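Topology and contacts: notes
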Amino acid sequence: MRALLLKHPNQPETLAIHDVPLPEPEPGQVRVRFTSMGMNRADLLYCQGRYFFPTIPCSRLGFEGAGVIDKLG
């Protein structure tokens, strides 16, 4: 699958699309096959280290999208 990745935290210039392995959902999770994704203000602030979540940060971006459930965990 393709993913928009932030290679280095707080460096939005390192954003790039990469091929990554297709994740397998765990119990209680679903996998979504997105048909469109958005890049919004929250994504850009996150790239700059200025938007935080109560969870562990990750390098994949795209806080909004549309698609269909592809697989149940």
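Please read all numbers here as calculations on a predicted model, not as lab measurements.

1. Examining the confidence of the model for the protein chain
- Per-residue confidence for the protein chain gives a mean pLDDT of 82; residues scoring 70 or more make up 88%.
- In the model of the protein chain, helix α1 (residues 41–47) stands out as the element of lowest mean pLDDT, 78, in contrast to strand β4 (residues 64–72), which has the highest, 92.

2. Description of the side chain of T14
- Of note, T14 is situated in the loop between β1 (2–6) and β2 (15–19).
- Judged by relative accessible area, which is 17%, T14 ranks as buried.

3. Observations concerning the environment of A16
- Tracing the chain through its elements places A16 in strand β2.
- Take A16: its relative accessible area is 27%, and that puts it in the partly exposed class.
- Distance from A16 to L5, taken between C-alpha atoms, is 5.6 Å for residues eleven residues apart in sequence.
- The contacts of A16, once residues within four sequence positions are left out, are A3, L4 and L5.

4. Focus: the pattern of salt bridges
- Enumeration according to the criterion identifies four salt bridges in this entry.
- Between D70 and R31 there is a salt bridge, and its shortest N-O distance comes to 2.5 Å. Taken together, the residues D70 in strand β4 and R31 in strand β3 (residues 30–38) connect sequence positions 39 residues apart.
- Taking relative accessible area as the criterion, D70 reaches 29% and is therefore assigned partly exposed.
- Within the structure, one salt-bridge network assembled from shared partners comprises E24, R31, R33, D70 and K71.

Cut-offs and rules
Residues numbered from 1 in each chain as written. Predicted model: local features only at pLDDT ≥ 70, side-chain atom pairs only at ≥ 80, totals over all residues. Heavy atoms only, no water. pLDDT = per-residue confidence, 0-100. Helix = DSSP H or I, 4+ residues; strand = E, 2+ residues; numbered from the N terminus. Buried < 20%, exposed > 50% of the residue type's maximum accessible area, 1.4 Å probe, protein only. Contact = heavy atoms within 4.5 Å. Salt bridge = Lys/Arg side-chain N within 4 Å of Asp/Glu carboxyl O.

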